[in-house]
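Notes for the structure review
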Amino acid sequence: MLSSGFGALVGGAIVVAGASGQVVHADLSALSQVVSTRVEPGVASAPYFDATVELGAWPAMIAVFNEVGARRQVDVGAALAAVGLINVQTQSSTVPGWTYVRLPGDGQVGEAERAVWALADRGEVDFASLVYIGQGGLPVIPSRDVLVMFVSGTSVETQAGVLGHYGATLVERDTAGMPGLVRARLDARSGDEVLAIAQAINDLPDVAWAQSNHVYWARHMGTSPPNDPLFPQQWALEQSNDEDMDALDAWGITIGDDSVRVVVLDTGTQQDHPDIHQVAGQSFTGTGTNGGPGNRCDNHGTAVAGCVAATIDNGIGIAGIAPGARVQAAKIFNEIDFLGFLCLPFLESTDAWTVAGINWSAASGARVTNSSWGGGSPSAAITTAFDTTQAAGVLHFAAAGNDGTGTVGYPANLASVHAVAAMASDGTRASFSTYGPGLFISAPGAGVLSTDRTGSAGYGSDNWTTIDGTSFASPYAAGVAALVISANPSLTPDEVSAIMAQTAVDKGTPGYDSDFGWGFVNAGAAVAAAGGDTCPPDLTGDGVLDFFDVSLFLSNFSAHDPSADLTQDGVFDFFDVSAYLGLFSAGCP
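So, here's what we can say about the structure. Quick caveat: nothing in here was measured; it's all calculated off a predicted structure.

The rules behind each value
For every chain, the first residue of the written sequence is number 1, and numbering continues from 1 onward in sequence order. Owing to the predicted nature of the model, reporting of local features is limited to residues with pLDDT of at least 70; listing and counting of side-chain atom pairs is limited to 80 or more, with chain, interface and lining totals taken over all residues. Side-chain numbers here rest on the full set of heavy atoms in the structure, without hydrogens or water. Helical segments are the DSSP runs of H or I of at least four residues, strand segments are the runs of E of at least two, and each set is numbered from the N terminus. We call two residues in contact whenever any of their non-hydrogen atoms come within 4.5 Å of each other. Surface accessibility in these figures is a Shrake-Rupley result with a 1.4 Å probe; residues are shielded only by whichever protein chains are displayed. Think of it in three bands: residues with accessible area under 20% of the maximum for their type are buried, residues over 50% are exposed, and the middle band is partly exposed, with areas taken using a 1.4 Å probe on protein chains only. Here a polar contact is taken to be a pair of N or O atoms separated by no more than 3.5 Å, where protein atoms must pair a possible hydrogen donor with a possible acceptor and residues adjacent in sequence count only if both atoms sit in side chains. For a helix, the expected span equals 1.5 Å multiplied by the residue count minus one. Between N-to-C directions, angles cover 0 to 180 degrees, with each direction set by a line fitted to C-alpha atoms, over the stretch in contact for helices. The scheme is simple: roughly parallel for angles under 35 degrees, roughly antiparallel for over 145, roughly perpendicular for 65 to 115, oblique for anything else. By convention the crossing between two helices is left-handed if the near helix lies anticlockwise of the far one by an angle smaller than a right angle, and right-handed if it lies clockwise. In the scheme used here, Gly and all other residues not listed as nonpolar or charged are polar, with Ala, Val, Leu, Ile, Met, Phe, Trp, Tyr, Cys and Pro taken as nonpolar and Asp, Glu, Lys and Arg as charged. Any pair of cysteine sulfurs within 2.5 Å is marked as a disulfide. At least two DSSP bridges between two strands are needed for those strands to be called paired. Side-chain atoms within 4.5 Å are what join buried Ala, Val, Leu, Ile, Met, Phe, Trp, Tyr and Cys residues into a set we call a nonpolar core. Both site types are read off a 1 Å grid over the protein atoms alone. A 1.4 Å probe that fits but cannot get out defines a cavity, while an open set with protein on both sides within 12 Å along at least five of seven lines defines a pocket; lining residues have an atom within 4 Å of a point. Grid points are joined across faces, edges and corners, and a volume is the space filled by probe spheres set on the points. Centres within 6.5 Å make a pair out of two Phe, Tyr or Trp rings, where for Trp the six-membered ring is used; the pair is then stacked when the planes are under 30 degrees apart, edge-to-face when over 60, and tilted otherwise. For a lysine, the NZ atom is tested; for an arginine, the CZ atom; a charge sits over a ring if that atom is within 6 Å of the ring centre and within 35 degrees of the ring normal.

Here we look at the overall build of the protein chain
The secondary structure content of the protein chain amounts to 14 helices and 25 strands. Sequence separation of at least 24 residues holds for 72% of the intrachain contacts in the protein chain that already meet a minimum separation of 6. Summed over all atoms, the accessible surface of the protein chain reaches about 21,200 Å², with 53% contributed by carbon and sulfur.

And the structure:
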């Protein structure tokens, strides 16, 4: 998973090169030349706990790194020219210090390797690497830094001995908020050296796992919005065919509690959006403020956040599924601005940024996180972060993927993460949605109306947009979890998960199946089950829904009794009446 710049298709993905220094501007005709090159499989491997992940290489591109803020100023163009690379195309990564270089020639791995070794030997740049291709056809690039998790109880002296043996200098302990995680800097000059050293350290008896702090790309699990006008209503919440989440039934009990937070691990959320109920977040990528977008392409996170908690009853826009809860942005990705004129559908991060965002979510008190991204190679550091925070009480949801296959992608395929597939408005699985073993549940993800960045930023010219993807199914499921927790804060993560599974509308084979998971998530039924109220509209408590219940509600409504403020917004209006009638029509279990 790479950076902004020159692009080429890799298994359906666009790979991008970049750099500072001498820049030759690429045009669209050059893109087709890169497409004609190929990925060379089986070039290297990277450790992943006790296993390895095979890596291919993209022979048309290499990556170079120079220390940010170093006293010497490096002319990348001159450094490339010194090893015979003249008039190459370069562009800077969104990760500070990194540059991607489009190589001339016919795209042979041997040529790319020779370029890397020549740069490493001369010393004009601090580090150089092949652009490796991992699972999902996405780039992953080793850095000089290794992340090492020693076995619990390993002495500091033993740790120092291991690092010293491999020429590693300690940078920090408890890296990215993960207790025991050590980050150390190698004196290696090339990516292949780092992979070999990381594997050797990983295999030591005193080490639980080790890996490079990779620069990586992920796909955001959404597609660009269609050109159709915005839909006049949000089918995902309520529609006439009842293929929806029964939001009004849920809101008759709770719209979500202000104290319940869902952290959106993404590209940032517009912090001053007029229609998102949120609290200031945190940026981990060096761009953006308080979890806000950092460039013109950082649009994905704002659309994801609106699915969870777009504001209700404010006279504008839409409502999220849990509008009374709050979203909080953890900006762990930068979206890629291709040569200043095209936003690519890929996200760039490092393992350390991602781990820091996950651990911060737990440390800040969030009950739920959402990850609408994935598709690349697994990372021991990221897996450990999801596992440990889930064990500490955080519920994680992630997009299953958009490739329409029966294999759920990483990280949604982890046992500590709930994978979510996308449903269409007719009650079928969306054609693009990934499914398969490990799928937890399904939620609306086709033609979803959500928030967009305001003004000239964002996917369109409005403050809201209609969009497709499991990127938007996942936050709907996360929002339902927030409603369940709001209805009963004492529930454990396992209990919340069980309620969502048990109350989902069954689809496909009766019971659990890998096509839909436990079924179509149902907010109304889940919230009712969480609150222990078997029949909320039965106001007289006689076990029968009749005229007397409606009359009592209307009496309470007219008197502005708090019990009739079903949307819990302090206003007695049509939405309260509609919520009650929705509950009444649904009947008692």
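There is more to say, and it comes next.
Let's talk about unusual backbone geometry
Residue Pro411 is reached from Tyr410 by a cis peptide bond, and omega for that bond is 5°. The backbone of Asp242 sits at a positive phi, close to 65°, despite the residue not being glycine. With respect to the element layout, Asp242 can be found in the loop between β13 (215-220) and α6 (247-251). Overall, Asp242 belongs to the partly exposed group, its relative accessible area being 45%.

Concerning the environment of Lys331
Summarising the element assignment, Lys331 is placed in strand β16 (residues 326-331). Residue classification places Lys331 among the buried residues on the basis of a relative accessible area of 0%. Note: C-alpha distance between Lys331 and Gly288 (43 residues apart in sequence) is 7.9 Å. What Lys331 contacts, discounting residues up to four positions off in sequence, is Asp266, Thr267, Gly268, Gln282, Ser283, Phe284, Thr285, Thr287, Gly291, Gly292, Gly294 and Asp298. Reaching out from Lys331, the side chain makes a polar contact with the side chain of Asn334 at a distance of 3.2 Å.

Regarding helix α10 (residues 470-487)
With 18 residues, α10 extends 26 Å between its outermost C-alpha atoms, agreeing within 8% with the 26 Å of an ideal straight helix rising 1.5 Å per residue. A large share of α10 lies buried, amounting to 17 of its 18 residues.

A look at the packing of α10 against helix α11 (residues 493-503)
Two elements in contact, α10 and α11, have axes whose closest approach is 10 Å; the angle formed by their N-to-C orientations is 115°. Relative to α11, the element α10 lies roughly perpendicular. Between α10 and α11 the crossing geometry is right-handed. Between α10 and α11, the contacting residues are Ala477, Val480, Ala481, Val484 and Ile485 on the first element and Val496, Ile499 and Met500 on the second. Grouping the amino acids of the contact of α10 with α11 by side-chain chemistry returns 8 nonpolar, no polar and no charged.

Here we look at the state of the cysteines
Note on terminology: disulfide describes a covalent bond linking the sulfur atoms of two cysteines. Following the criterion strictly, the structure yields 1 disulfide and no others. There is a disulfide in this structure between Cys297 and Cys343, and the S-S distance comes to 2.1 Å. One quick way to see it: the torsion about the S-S bond of Cys297 and Cys343 is about -80°, and its sign makes the bridge left-handed. One end of the pair, Cys297, is in the loop between β15 (278-283) and α7 (300-309); the other, Cys343, is in strand β18 (residues 342-350), with 46 residues separating them in the sequence. Residue classification places Cys297 among the buried residues on the basis of a relative accessible area of 1%.

Structural notes on the sheet that holds strand β11 (residues 181-186)
Taken together, the 4 strands give an open sheet; going across it, the order is β10-β11-β9-β12, and neighbouring strands pair in antiparallel fashion. Each of the sheet's edge strands pairs with one partner strand only, and the pair in question is β10 (168-172) and β12 (207-212). Taking each pair of neighbouring strands and ignoring which way they run, the sheet shows an average axis angle of 30°. Sheet topology places β10 next to β11; 4 bridges connect them, and they run antiparallel. In the strand pairing of β11, Leu170 is matched with Ala184. Running over the sheet, helix α9 (residues 380-391) touches β9 (145-150) and β12 and is turned about 125° from β12.

What to know about the nonpolar core
As a rule of thumb, soluble globular proteins bury nonpolar side chains together. Of all hydrophobic cores here, the largest spans 64 residues; its most connected members are Met245, Trp251, Ile321, Phe397, Tyr476, Val480 and Met500. Formed by 62 residues, the second largest nonpolar core is a distinct cluster that contains Met178, Tyr216, Ile358 and Phe386.

Observations regarding the pairing of strand β7 (residues 127-133)
Most of β7 is tucked away: 7 of the 7 residues are buried. As judged from the 6 bridges shared by strand β4 (residues 51-65) and β7, these two strands associate in the antiparallel manner. Across the sheet, Ala57 pairs through a bridge with Tyr132, a residue of β7. The sheet contact formed by β7 and strand β8 (residues 139-141) spans 2 bridges and is antiparallel. Opposite Tyr132, over in β8, you have Val140 as the bridge partner.

A few points about empty space enclosed by the protein
Considering all chains together, one arrives at 3 cavities of 30 Å³ or more under this definition. Val140, His214, Ser377, Pro378 and Ser379 are, among the 23 residues lining the largest cavity, the residues nearest its centre. When contributions to the lining of the largest cavity are tallied by element, the ones reaching two or more residues are β3 (40-48), β4, β13, β20 (373-374) and α9. Of the residues that constitute the lining of the largest cavity, the class distribution is 15 nonpolar, 7 polar and 1 charged.

Topic: α11
Every α-helix winds through 3.6 residues per turn, so residues three or four apart in the chain are directed the same way. Pro493, Val496, Ser497, Ile499, Met500, Ala501 and Thr503 are the residues of α11 that are buried. Close packing links the buried residues of α11 with β21 (395-399), β22 (418-423), β23 (439-444), α10 and α12 (523-531).

Side note on the packing of aromatic side chains
Throughout the structure, instances matching the rule amount to 13 aromatic pairs. Ring pairing ties together the aromatic residues Phe553, Phe557, Phe572 and Tyr580, which thus form one cluster. A cation sits over an aromatic face here: Arg429 above Tyr435, 3.9 Å from the ring centre. For the cation-ring pair, Arg429 lies above Phe516, with the distance from its terminal atom to the ring centre recorded as 5.7 Å.

Some points on the sheet that holds β15
Pairing in this open sheet of 7 strands is parallel, and the strands run β15-β16-β14-β19-β21-β22-β23 from one edge to the other. Each having just a single partner strand, β15 and β23 make up the two edges of the open sheet. With strand direction ignored, the average angle separating the axes of adjacent strands in the sheet is 25°. Lying over the sheet, helix α8 (residues 351-363) contacts β14 (261-266), β15, β16, β19 (368-371) and β21, oriented at roughly 175° with respect to β14.

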